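Listed below are the residues making up each chain.
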Amino acid sequence: MEDKIRSLRMEHISKRFPGVLASDDISISVGEGEVLALVGENGAGKTTLMNILMGLYQPDEGRILINDEEVRFRGPEDAFRAGLGMVHQTYMLVPNMTVTENIALGYKAAWKPFRLDMKAVRDRVVEISSRYGLAVNPDAYIWQLSVGEQQKVELVKTLCLGARFLILDEPTSALTPQEVDELIVLLHKMTEELSIIFISHKLQEVKALSNKVTILRHGKVVFSGNTDDYSSQEIAAKMTGHEIILPKNSGSPSDGPVALSIKDLVVMSDRKTVALDHLSLDVRAGEIIGLAGVSGNGQRELAEAINGLRRTESGSISFFGKEISNSTPHGIIEAGMGYIPEERNVEGIVPSFSIRENLILKDSDSPQFSKGVFLDSRKIESTASSLVERFDVRCPGTATAAGSLSGGNIQKVILAREIERRPKFLIAVYPTRGLDMGAVEFIHQKLLAIRDSGIGILLISEELDEIMDLSDRIAVIYKGSIQRVLSKLEATRERLGILMAGVREES
Amino acid sequence: MLDIITNMLSMCIPFSVALLLASIGEMFNQRAGVFNLGCEGVMAMGAFIGMLIPFMAGGGGAVSEWYNLLGFVAAAVLGALFGLFFGLVTVTFRAPQGIAGIGLQMFGVGTAGTLFRHFVGGTQSIPGIPDIDIPVLSRIPVIGDIFFSHNAAAYLAYLFIPVAWYILFRTPWGLKVRAAGTSPRAADSMGINVSRVRYEALMLGGALAGLAGAYLSIAQAKMFSDTLISGRGFIAVALVYFGHWHPAQIMGGALLFTLAQTFQTIVQSMGISFPYELAVMLPYILVIVVLSFTSRNQITAPTSLGKPFNREIRT
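Residues numbered from 1 in each chain as written. Chains lettered and ligands numbered in written order. Predicted model: local features only at pLDDT ≥ 70, side-chain atom pairs only at ≥ 80, totals over all residues.

> What is the right way to look at the overall build of chain A in this model?
The helix and strand inventory of chain A stands at 17 helices and 24 strands. At 25 Å, chain A has a C-alpha radius of gyration in line with the 23 Å of a compact globule built from 507 residues. For chain A, the spread of C-alpha atoms along the three principal axes comes to 70 × 50 × 50 Å. Taking all 507 residues of chain A together, 45% fall into the buried category. (Helix = DSSP H or I, 4+ residues; strand = E, 2+ residues; numbered from the N terminus. Rg over C-alpha atoms; globule rule 2.2 N^0.38 Å. Buried ≥ 20, exposed ≤ 12 C-beta atoms within 10 Å, placed from the backbone.)

> Would you explain the overall build of chain B in this entry?
In terms of regular secondary structure, chain B is built from twelve helices and two strands. Beginning at the N terminus, the succession of helices and strands in chain B can be written as α-α-α-α-β-α-β-α-α-α-α-α-α-α. Against the 2.2 N^0.38 benchmark of 20 Å for 315 residues, chain B shows a C-alpha radius of gyration of 20 Å, consistent with a compact globule. Its C-alpha atoms give chain B principal-axis dimensions of roughly 60 × 45 × 40 Å. Counting all 315 residues of chain B, 46% fall into the buried class. For chain B, long-range pairs separated by at least 24 residues make up 78% of all intrachain contacts whose partners lie at least 6 apart in sequence. (Contact = placed C-beta atoms within 7 Å.)

> Help me out: how do you make sense of the interface of chain B and chain A in this one?
Reports often express the size of an interface as the amount of accessible area lost when the parts come together. Across the boundary between the two partners, chain B contributes 17 residues, which contact 16 residues of chain A. Those elements giving two or more residues to the side of chain B that touches chain A turn out to be α7 (172-182) and α8 (184-189) of chain B. Per-element tally for the side of chain B that touches chain A: the top contributor is α7 of chain B, with five residues.

> Would you explain the pairing of strand β11 (residues 212-217) of chain A in this entry?
It is a general feature of regular strands that their side chains alternate between the two faces of the sheet. All names here are of chain A. Inspection of the sheet shows strand β3 (residues 35-39) paired to β11 by four bridges, in the parallel sense. Within the sheet, the bridge partner assigned to Ala37 lies in β11 and is Val213. Note that β11 and strand β12 (residues 220-226) share six bridges and pair antiparallel. The partner of Leu216 across the bridge, within β12, is Val221. (Pairing = 2+ DSSP bridges.)

> Help me understand the domain arrangement of chain A, please; the structure alone is not making it clear to me.
Domain annotation for chain A reports domain 1 (7-240), domain 2 (246-336 + 423-507) and domain 3 (350-420). In this structure, domain 1 of chain A and domain 3 of chain A have C-alpha centres spaced 37 Å apart. (Domains from an automatic or database assignment.)

> Could you clarify how one ought to interpret helix α17 (residues 493-500) of chain A in this entry?
For the α-helix, the turn length of 3.6 residues means that residues three or four positions removed from each other point alike. Residues and elements named next belong to chain A. The set of residues buried in α17 consists of Leu496, Leu499 and Met500. One face of α17 carries all of its buried residues, which in axial projection span an arc of 100°. Close packing links the buried residues of α17 with β15 (288-292), α16 (464-470), β23 (473-478) and β24 (481-487). Looking one or two residues past α17, Gly502 carries a phi angle of roughly 100°, positive in sign. (Arc of directions from axis to C-beta.)

> Where do I start with the confidence of the model for chain B in this structure?
One rule of thumb: low pLDDT means the predicted coordinates there are not for detailed reading. Residues with a pLDDT of 70 or more make up 97% of chain B, whose mean pLDDT is 90. Averaged pLDDT values over the elements of chain B bottom out at 82 in helix α12 (residues 276-293) of chain B and peak at 97 in helix α9 (residues 194-220) of chain B. (pLDDT = per-residue confidence, 0-100.)

> Quick question: what am I supposed to make of the sheet that holds strand β21 (residues 425-429) of chain A here?
Two strands in a sheet stick together by hydrogen bonds in their backbones, pointing the same way (parallel) or opposite ways (antiparallel). Residues and elements named next belong to chain A. In space, the six strands of this open sheet follow the order β18-β21-β22-β15-β23-β24, with mixed pairing throughout. This sheet does not close on itself; its edge strands, each paired only once, are β18 (337-340) and β24. Geometrically, the sheet is characterised by an average inter-axis angle of 20° between neighbouring strands, direction not taken into account. Direction of pairing for β23 relative to β24: antiparallel, over a ladder of six bridges. What sits directly across from Arg473, in β24, is Ser487. Against the sheet, helix α15 (residues 437-452) touches β15, β21 and β22 (456-461), its axis set at about 150° to β22. (Axes fitted to C-alpha atoms, helices over the stretch in contact; angles between N-to-C directions.)

> Hey, could you run me through the packing of helix α1 (residues 2-31) of chain B against helix α10 (residues 232-242) of chain B in this one?
When two helices pack together, their arrangement is given by the angle between the helix axes and the distance between those axes. Residue and element names in this part refer to chain B. Across the interface, α1 lies against α10 with an axial gap of 8 Å and an inter-helix angle of 55°. Our classification of the angle between α1 and α10 gives oblique. Considering the relative orientation of α1 and α10, their crossing is right-handed. Along its contact with α1, which presents Ala18, Leu19, Ala22, Ser23, Glu26, Met27 and Gln30, the element α10 presents Arg232, Gly233, Ile235, Ala236, Val237, Leu239 and Val240. Each residue belonging to the contact of α1 with α10 can be placed in one class, and the counts come to nine nonpolar, three polar and two charged. (Parallel < 35°, antiparallel > 145°, perpendicular 65-115°, else oblique. Left-handed = near helix turned anticlockwise from the far one by under 90°. Nonpolar A, V, L, I, M, F, W, Y, C, P; charged D, E, K, R; others polar.)

> Is there a simple way to think about the environment of Ser130 of chain A in this case?
All names here are of chain A. Along the polypeptide, Ser130 turns up in helix α4 (residues 118-131). Residue classification places Ser130 among the exposed residues on the basis of 10 C-beta atoms within 10 Å. As for Ser130 and Phe374, which are separated by 244 residues in sequence, their C-alpha atoms are 64 Å apart.

> Would you mind going over helix α14 (residues 407-420) of chain A with me for this structure?
All names here are of chain A. An ideal rise of 1.5 Å per residue puts 20 Å on 14 residues; α14 measures up with 20 Å between its terminal C-alpha atoms. The element α14 is largely enclosed, with a buried count of twelve among its 14 residues. Every buried residue of α14 is accounted for by Gly408, Asn409, Ile410, Gln411, Lys412, Val413, Ile414, Leu415, Ala416, Arg417, Glu418 and Ile419. As for α14, its buried residues are in contact with β18, α11 (344-348), α12 (355-359), α13 (377-390), β21 and α15. (Expected span 1.5 Å × (residues − 1).)

> Help me out: how do you make sense of the pairing of strand β14 (residues 274-284) of chain A in this one?
Residue and element names in this part refer to chain A. Pairing geometry for strand β13 (residues 258-268) and β14, over seven bridges, is antiparallel. Within β14, the position partnered with Val267 by the bridge is Leu276. Here β13 folds back onto β14 in antiparallel fashion, the turn holding five residues, of which Lys272 has a positive phi close to 65°.

> Would you mind showing me how to read the environment of Ser183 of chain B here?
Residue and element names in this part refer to chain B. Position of Ser183 among the secondary structure elements: in the loop between α7 and α8. Of the residues examined, Ser183 has 27 C-beta atoms within 10 Å and is grouped as buried. Once the C-alpha coordinates of Ser183 and Leu305 are considered, the two residues, 122 residues apart in sequence, prove to be 9.7 Å apart.

> Is there a simple way to explain the sheet that holds β3 of chain A in this structure?
Residues and elements named next belong to chain A. Spatially, the six strands line up as an open sheet ordered β6-β9-β10-β3-β11-β12, and their pairing is mixed. At either end of the open sheet lies a strand with only one pairing partner, and these are β6 (84-87) and β12. When strand polarity is set aside, the average angle formed by the axes of neighbouring strands in this sheet is 15°. Here helix α1 (residues 46-53) sits on the sheet in contact with β3, β6, β9 (165-169), β10 (195-200) and β11, set at roughly 150° to β9. Helix α8 (residues 232-240) rests against β3, β11 and β12 of the sheet, and its axis sits at about 30° to β11.

> Got a minute to help me understand the nonpolar core in this structure?
Soluble globular proteins: nonpolar side chains tend toward being buried together. Counting 156 residues, the largest nonpolar core has Leu21, Ala47 and Tyr215 of chain B as its most contacted members. Excluding its chain neighbours within four sequence positions, the residues that come into contact with Ala47 of chain B are Ala112, Gly213, Ala214, Leu216, Ser217, Phe224, Leu228 and Ile229 of chain B. In this structure, Ile289, Ala292, Leu447 and Ile450 of chain A belong to the second largest nonpolar core, which totals 74 residues. (Core = buried A, V, L, I, M, F, W, Y, C linked by C-beta atoms within 7 Å.)

> Is there a simple way to explain the packing of helix α2 (residues 39-58) of chain B against α9 of chain B in this structure?
Residues and elements named next belong to chain B. The geometry of α2 relative to α9 is characterised by a closest axis approach of 6 Å and an angle of 50° between their N-to-C directions. With respect to α9, the element α2 is oriented oblique. Every pair of crossing elements has a handedness; the one defined by α2 and α9 is right-handed. On the side of α2, the interface is formed by Cys39, Val42, Met43, Ala44, Met45, Gly46, Ala47, Gly50, Met51 and Pro54, while α9 contributes Gly206, Ala209, Gly210, Leu211, Ala212, Gly213, Ala214, Leu216, Ser217 and Ile218. When its residues are assigned to classes, the contact of α2 with α9 shows 14 nonpolar, six polar and no charged.

Following this line, the structure appears as structure tokens:
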């Protein structure tokens, strides 16, 4: 084992890309056993800075010092050799290989000329995972693991390959709340042996995990300090440049008619196991029902079944009195269903289509946007530009490919399309996953506005704060059925957490 | 009746070798993320060069075994060069693999036929390689005929199956190949040169396709003609899917297909009143039917198959 990394400093780093100054005289420093949170909105320059640190980009100005000695990384290999290891936001794992095989891919010490020394790799995996308390099964295939487990594999991999300093790019963006808590405990333990930089825009974790925080905005450091000295609100305000107050649902309970009524619904998962087990739920017009639960308990299947994207085995879904189970998606859309799907890049938009084409995807054959068999490009363009403005989609123009936008802007495009169709009901699945605070605020405001206009919303989310802020009633889903429905007033974080874990309440 | 069945089964192993070698080669290509529809063309070139060398050496008469071996080696080298060329087109220039493969197929088949007419002319046979009766074992009734009375190349080809398995699942290179075909981005992030691995796999695949062609001309037909390969290269590609990219299952597929083929030749030679056109179609129909019912197993499949890798472009 080589020397510990006792200190790492980046001094006066600047990096220009054509037309943008991505890093503008940035300095950061991390000492032994410290955790630095690098915070900022999407596009603030966090990832660019880390790519410079990992040798993927060369800085135009500035220098990097490890243990007070200047280093130059010409590529990621140099950074690995110096002991830096990065866990990317999208995991770099091969799904049809085992954990051990994935690690062997980078563990050159086990590469014999005609043989792969799998035992050596396995021993290394076992050693590292017990040393850092990262429980992984070395023989499991990656495709068998949950997202949280895959992240542990990524951590084990990085450590096995000799990292003595960790860089984590938005480590919690795909994790469930339970997995996040677990990760925070793990990382705390790991700081006994190494230092960490982590990129995040979730302030809760920043508070829970870091000693120091550096906030970037438009490529500049706008703030650096000790985490404990500032509140989440103060950090949030520094991050966005203005104070963010997430809106809350303060309306009174809806007495509207039942809009969506699900009874005894049974649906199978992709793996042919029971995903929804006699699930029943009613949602009224003008109320938001938050569906809380650990992901993988049937949320995806429920949303797909309601929207006609998954066959139902038995039970009924009635939409304003009309049975819609096993109807075509087109029929359900025509009946007035709006849908914000889970995978915004795959199901929500056609990435290669322009923004304006995506905005009329569901209405391409409506007389509003067509003349006979031809699309009416002038009307499409005028509608699209007004939507882009009203929904604050930041883009060069409505002809831009939707796939090139950031997550928050893609979500605004989807929201604009779904709301503008004036649906009678809206299903929103993880609507703010991975978005920055500014975008979350905007989307929450819009959802509440739709509710106030008398439209019912089924909000599926794993962020308890989001559910508690927005919902009139909260239904907890566990293993494919509804554990319990609580009113806004009855729900507390603790009570929801217990229900989500599958514990039944005496009622 | 027993005679006929024994006869049929004893043809199975030697007749399956060309398919087996070609599809194991194609398996390496696809495991690395590239499918080579030009397999047929590479086989044709291998068959031609493999036949040409012993023919030139002996003028169609008896010839030293070393010339046959030289024929195989030349076919492998030529196949590897075709693999290298295909790599240049599909890996470096990122041409669509399907189109490039069809081009390679037409180029190979056409060139082999043209060169054949130039250097050889009409139908000429070569002595080929003899069958070897394995002592003791070959004298077991039935079993001996089916398993232990074939040419040396057939034995070697079957011995190569466990070797191919070992290469794919137990060596660092096999690990790199599997990663490059499934998650090239992950492989890249681990410092693996994805393009290089794909080139290497394409060269190995090409060499095996060349050998498969040479086997047809040197060991099986003992001659060359324009229609010698007759779609085996395409069947080999289909067998890779059928066999889920796994050597043992690919072997099963090759044997099944060959069995159907020998069945139809025997049906014809027995003079049963059965329209021979239908009999000839049987093996191909079998492939289509089996492929339609093969489960789409996303777990073993190299999921980046057919996608050029470009570090700069995120998909």
